[in-house]
Amino acid sequence: MSNFAIGDQDFLLDDQPFRILSGAIHYFRIHPDLWADRIHKARLMGLNTIETYVPWNEHSPFPGAFVADGGLDLGRFLDLVADAGMRAIVRPGPYICAEWDNGGLPAWLFTDPTVGVRSSEPGYLAAVSSYMESVLALVVPRQITRGGPVIMFQIENEYGAYGKDKEYLQHLVDLSKRSGVDVPLFTCDQPFGTMIEDGSLPELHKTGTFGSRSLERLDFLRERQPTGPLMCAEFWNGWFDNWGTHHHTTDAAASAAELDALLTAGASVNIYMFHGGTNFGFSNGANDKGIYEPTITSYDYDAPLSEDGHPTAKYFAFRDVIAKHFPVPAEVPAPRVPVPASVVAVSSTAPVLTAVSTSLVRGTVPPVEVTGHYRGFYLYEASLPGGGVLSFTEVRDRAQFFLDGVPVGVLSRELGERSIVIPGGGRLQILLEDQGRVNYGQRIGEAKGLMGPALLNGVEVVDWEVGAVDLGSLEAFRASAVALPRGAASAGVAGPSVSFATFDAAGPGDRFLRLEGWTKGVVFVNGFNLGRYWSRGPQRTLYVPGPLIREGANELAILELHGSATREVGFAVGPDLGPDEK
């Protein structure tokens with residue numbers, strides 16, 4: 001057994017000074033068969049620690065649930081960190097930000113309007129306690145004091161940017177200690193204003209989050225914490241992307257110089273991100289600072305290790321910096337071996353609008369949470385006596401309108417659109433896309449869907465049918481799919497629809513799917529939701545983890561919302577995230 005402690009100037013591992021050289025890897029953004037590979041490559045860059053968030057909403061998709069197997073097997077991930085001879089830092093939130101849907105907070109929690117958000121409100125604390133106890137049951141036995149890899153455990157996450165409820169923070173501390181946490185507890189906040197003081201407690205070790213002006217940030221942190229080791233708990237070496245913007249990159253040499261300054265100053269560091277991974281499915285978050293901006297599927301983050309797990313120029317620049325200060329393994333990761341490019345054509349298609357079951361809800365148009373589903377797509381239906389202007393208080397987040405099956409327009413939250421002209425009476429169907437719940441700021445926890453009242457020419461429409469589009473299984477779409485004519489690949493498919501293709505593979509291997517000529521939607525490989533695509537970019541390809549591919553026949557399914565100009569998609573030899581900002 002070992003011990004880990006906070007000294008006057010250093011972290012202490014078995015009473016000896018220890019510098020944390022950590023890299024962020026989110027197990028929930030990586031196929032579990034690839035965890036060991038990513039951890040190994042972190043060690044080869046010279047790191048000695050792996051840090052991860054824990055997403056509450058992913059582990060607890062419904063009240064009372066706690067899923068911890070497969071891609072959510074946190075215990076196995078930490079065991080693999082230990083097997084690699086590395087330490088671990090666990091950051092369970094309960095709020096994690098991370099550009100993750102709702103900042104990791106479960107949407108079902110806020111269907112009760114009395115429940116607080118990141119506060120000492122009793123209903124919120126009760127739910128947090130249940131979640132934290134489940135996480136701690138996995139983490140406590142894996143602390144370094146019990147033979148495991150975990151050396152530190154975080155309380156909340158950048159809380160000073162949100163609030164300063166000390167009773168809430170104390171509850172998290174007491175719960176952690178009562179459950180057996182005996183490694184150091186810490187907080188992290190941006191070194192600005194009063195964030196560090198507001199987001200912590202006197203007994204907790206304080207760390208900073210920043211990506212530039214390192215020495216200045218460390219001085220700010222030292223002024224507020226005169227003793228103890230300095231640490232940048234999130235060294236931002238890249239950034240995330242939103243749909244419709246450029247691909248963000250940071251200069252490798254400039255980032256490496258900042259890392260060198262940190263290490264020369266004697267600070268510990270957690271590189272955020274070492275390896276970003278992917279926002280598979282509907283897990284991406286969004287920002288809303290006056291304009292709603294959903295995050296793309298790729299979480300490449302311009303990190304040292306690319307989305308598909310290969311070293312970049314930044315990897316080797318960071319490795320060289322670390323080697324100036326600490327021993328680095330001689331081994332380096334092998335170069336990427338691309339799978340040859342190929343083309344696949346969809347051969348059958350099924351409509352979406354007729355495959356959704358809806359239920360009557362009388363009264364004001366409801367949020368989508370009434371369906372009991374908290375991500376993805378939903379269908380609203382109503383019978384209108386005539387045409388005119390149909391308006392809502394707000395659309396969250398993107399709504400396609402159909403009158404008797406004919407498209408009549410789209411309303412987008414991003415553009416602030418709230419009203420649409422309906423050409424006549426008939427059966428109105430609205431396909432609503434939740435594009436990702438806000439993960440930062442005061443709009444965390446808000447409802448999704450059409451915000452009422454819904455007014456047609458100023459008169460409220462009160463009888464609605466609402467249902468969720470079930471994409472957990474594609475069986476209903478497979479069963480209703482109709483074969484497309486042969487030899488017409490350039491004809492495209494109509495939307496909204498789910499189209500299917502079969503492709504052969506020699507065996508597992510990473511791929512990148514390119515969807516030129518397709519507009520907007522979601523892709524599945526062998527039933528696994530790869531995430532969203534959108535022709536507006538910057539993302540032009542979707543990462544397909546190698547373990548998803550099996551020898552022989554494989555299934556590709558594409559939910560296309562608007563229609564395509566082709567029936568073909570291509571497997572590319574590498575990623576394409578569009579032009580960067582330089």
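Since the model is a prediction, treat every value here as computed from it, not as a measurement.

Reading the values: rules and limits
- The numbers attached to residues start from 1 for each chain and follow its sequence in the written order.
- Predicted model: local features are reported for residues with pLDDT of at least 70 only, side-chain atom pairs are reported and counted for 80 or more only, and whole-chain, interface and lining totals are derived from all residues.
- Only hydrogens and water are set aside; all other atoms, that is, all heavy atoms of the structure, feed into the side-chain values.
- The secondary structure listing takes helices from DSSP runs of H or I that are at least 4 residues long and strands from runs of E that are at least 2 residues long, numbered from the N terminus.
- Here the term buried applies to any residue with accessible area under 20% of the maximum for its type, exposed to any over 50%, and partly exposed to those in between, with areas from a 1.4 Å probe on protein chains only.
- Note on definitions: the grid is 1 Å and covers protein atoms alone; a cavity is a set of points where a 1.4 Å probe fits but cannot get out; a pocket is an open set with protein on both sides within 12 Å along at least five of seven lines; lining residues have an atom within 4 Å of a point.
- Grid points are joined across faces, edges and corners, and a volume is the space filled by probe spheres set on the points.
- Each residue receives one of three labels: charged for Asp, Glu, Lys and Arg, nonpolar for Ala, Val, Leu, Ile, Met, Phe, Trp, Tyr, Cys and Pro, and polar for the others, Gly being one of them.
- Pairs of N or O atoms within 3.5 Å make up the polar contacts considered here, provided that, within protein, one atom can donate a hydrogen while the other can accept it, and that residues adjacent in sequence are counted only when both atoms are side-chain atoms.
- Residue contacts are counted whenever heavy atoms from the two residues lie within 4.5 Å of one another.
- Helices are assigned an expected span. That span is 1.5 Å times one less than the residue count.
- Note on aromatic pairs: the rings of Phe, Tyr and Trp (six-membered ring only in Trp) are paired at centre separations within 6.5 Å, and the planes decide the class, stacked below 30 degrees, edge-to-face beyond 60, tilted for the rest.
- The criterion for a charge sitting over a ring is simple: Lys NZ or Arg CZ within 6 Å of the ring centre, and within 35 degrees of the ring normal.
- Strands were regarded as paired on the criterion that DSSP finds at least two bridges between them.
- One speaks of a salt bridge when a side-chain nitrogen belonging to Lys or Arg is within 4 Å of a carboxyl oxygen belonging to Asp or Glu.

Novice: In this structure, what is going on with unusual backbone geometry? I would like to understand it.
Specialist: The phi angle of most residues is negative, glycine excepted, and most peptide bonds adopt the trans form. In this chain, Tyr272 is followed by Met273 through a cis amide linkage whose omega measures -5 degrees. Along the polypeptide, Met273 turns up in strand 11 (residues 268-275). In this chain, Arg396 is followed by Asp397 through a cis amide linkage whose omega measures 20 degrees. Along the polypeptide, Asp397 turns up in the loop between strand 19 (394-396) and strand 20 (398-403). The backbone phi angle of Asn102 is positive, close to 60 degrees, even though this residue is not glycine. If you trace the backbone, Asn102 turns up in the loop between strand 6 (87-91) and helix 4 (122-139). Owing to a relative accessible area of 1%, Asn102 belongs among the buried residues under this scheme.

Novice: Could you clarify how one ought to interpret empty space enclosed by the protein in this entry?
Specialist: Once rolled over the atoms, a probe with the size of a water molecule shows which space is left empty. Per the stated rule, a full pass over the model turns up three cavities of 30 Å³ or more. Considered as a void within the structure, the largest cavity measures approximately 50 Å³ in volume. Considering the residues around the second largest cavity, the lining is formed by Arg29, Ile30, His31, Leu34, Arg38, His275, Gly277, Thr278, Phe280, Glu307, Tyr543 and Pro545. The class makeup of the residues in the lining of the second largest cavity is five nonpolar, four polar and three charged.

Novice: Explain the side chain of Glu414 here, please?
Specialist: Tracing the sequence through the fold places Glu414 in the loop between strand 21 (406-412) and strand 22 (419-422). There is a polar contact of 2.7 Å between the side chain of Glu414 and the side chain of Arg536. Apart from residues lying up to four places away in sequence, Glu414 is in contact with Trp243, Ile291, Tyr292, Trp534 and Arg536.

Novice: Honestly, the layout of surface pockets in this entry has me stumped. Any pointers?
Specialist: Its volume calculated, the largest pocket comes out at about 1100 Å³. Glu58, Pro61, Gly281, Phe282 and Arg375 are the residues nearest the centre of the largest pocket, which is lined by 39 residues in total. Put simply, the parts of the chain that give the lining of the largest pocket at least two residues each are helix 2 (56-59), strand 17 (377-384) and strand 32 (528-534). Its residues assigned to classes, the lining of the largest pocket shows 22 nonpolar, twelve polar and five charged.

Novice: Would you take a moment to explain the environment of Met451 for this structure?
Specialist: Within the fold, Met451 resides in strand 24 (residues 449-451). Linking Met451 and Leu559, residues 108 residues apart in sequence, is a C-alpha distance of 25 Å. If we ignore the near neighbours within four places in the chain, the residues touching Met451 are Val365, Pro367, Phe392, Thr393, Glu394 and Arg396.

Novice: Looking at this model, I keep getting lost on helix 9 (residues 313-325). Mind explaining?
Specialist: The α-helix winds at 3.6 residues per turn, so residues separated by three or four positions along the chain end up facing the same way. For helix 9, built from 13 residues, the straight-helix expectation of 18 Å at 1.5 Å per residue is met to within 8% by its first-to-last C-alpha distance of 19 Å. Within helix 9, burial applies to Lys314, Tyr315, Ala317, Phe318, Arg319, Val321 and Ile322. Contact partners of the buried residues in helix 9: strand 4 (21-25), helix 1 (35-44), strand 10 (231-236), helix 8 (252-264) and strand 11.

Novice: What is the right way to read the side chain of Asp165 from this model?
Specialist: With respect to the secondary-structure elements, Asp165 resides in the loop between strand 7 (150-154) and helix 5 (166-178). Among the polar contacts listed, one links the side chain of Asp165 to the side chain of Ser120, at a separation of 2.8 Å. Within the local environment of Asp165, its side chain forms a polar contact with the backbone nitrogen of Tyr168, the two atoms lying 3.1 Å apart. Residues in contact with Asp165, not counting those within four places in the same chain, are Ser119, Ser120 and Tyr159.

Novice: It is not clear to me how the environment of Gly546 should be interpreted in this structure. Could you clarify?
Specialist: Secondary-structure assignment places Gly546 in the loop between strand 33 (541-544) and strand 34 (552-560). Counting along the chain gives 37 residues from Gly546 to Gly509, while the straight-line C-alpha distance between them is 3.8 Å.

Novice: Just checking my understanding: could you explain the environment of Gly426 for this structure?
Specialist: Tracing the backbone shows Gly426 in strand 23 (residues 426-433). For the pair formed by Gly426 and Phe62, sequence separation is 364 residues and the distance between their alpha carbons is 36 Å. Once residues lying within four places of it in the same chain are set aside, the contact partners of Gly426 are Ala382, Ser383, Leu384, Leu403 and Asp404.

Novice: Sorry, what's going on with the packing of aromatic side chains here?
Specialist: Each pair of aromatic rings is reported with the distance of its centres and the angle of its planes. For the structure shown, the criterion picks out 30 aromatic pairs. With a centroid separation of 6.0 Å and 85 degrees between ring planes, the pair formed by Phe4 and Phe18 is classed as edge-to-face. Here Phe4 is found in strand 1 (residues 4-6), whereas its partner Phe18 is found in strand 3 (residues 16-18), with 14 residues between them in sequence. Across this residue pair, the class does not change: Phe4 and Phe18 are buried. Through successive ring pairs, a cluster of aromatic residues spans Tyr53, Trp236, Trp239, Phe240, Tyr272, Tyr299 and Tyr301. Taking the ring centre of Trp534 as reference, the NZ or CZ of Lys520 above it sits at 4.4 Å.

Novice: What should I look at first to understand the sheet that holds strand 26 (residues 459-460) in this one?
Specialist: Two modes of strand pairing occur in sheets, parallel and antiparallel, and in both the strands are linked by backbone hydrogen bonds. Taken in spatial order, the four strands of this open sheet run 22-18-25-26, and their pairing is antiparallel. Here the strands that pair on one side only, and so sit at the sheet edges, are strand 22 and strand 26. Where strand 18 (residues 388-391) and strand 25 (residues 455-456) come together, two bridges link them in antiparallel fashion. For Ser391, the partnering residue across the bridge sits in strand 25 and is Leu455.

Novice: Looking at this model, I keep getting lost on the pairing of strand 20. Mind explaining?
Specialist: Side chains on a regular strand alternate between the two faces of the sheet. Across the six residues of strand 20, six count as buried, placing the element largely inside the fold. Burial of the side chains of strand 20 extends over both faces: Arg398, Gln400 and Phe402 are buried on one face and Ala399, Phe401 and Leu403 on the other. Judged from the six bridges that link them, strand 20 and strand 21 form a sheet pairing that is antiparallel. Bridge pairing in strand 21 links Gln400 to Val410. Between strand 20 and strand 21, which follow one another and run antiparallel, lie two residues, and Asp404 among them has a positive phi close to 50 degrees. Inspection of the sheet shows strand 20 paired to strand 23 by six bridges, in the antiparallel sense. Counted as the bridge partner of Arg398 is Glu433 from strand 23.

Novice: Is there a simple way to explain the pattern of salt bridges in this structure?
Specialist: Pairing is possible between side chains that carry opposite charge, provided their charged atoms lie close to one another. Taken as a whole and judged by the stated rule, the model has 38 salt bridges. Between Asp463 and Arg362 there is a salt bridge, and its shortest N-O distance comes to 2.9 Å. A residue pair is termed long-range when its members are at least 10 positions apart, and Asp463 in strand 27 (residues 463-468) and Arg362 in strand 16 (residues 359-362) qualify at 101 residues. Salt bridges here are not isolated pairs; linked through shared partners, they connect Asp288, Glu369, Glu394, Arg396, Asp397, Arg413, Asp434, Arg437, Arg443, Glu446 and Lys448.

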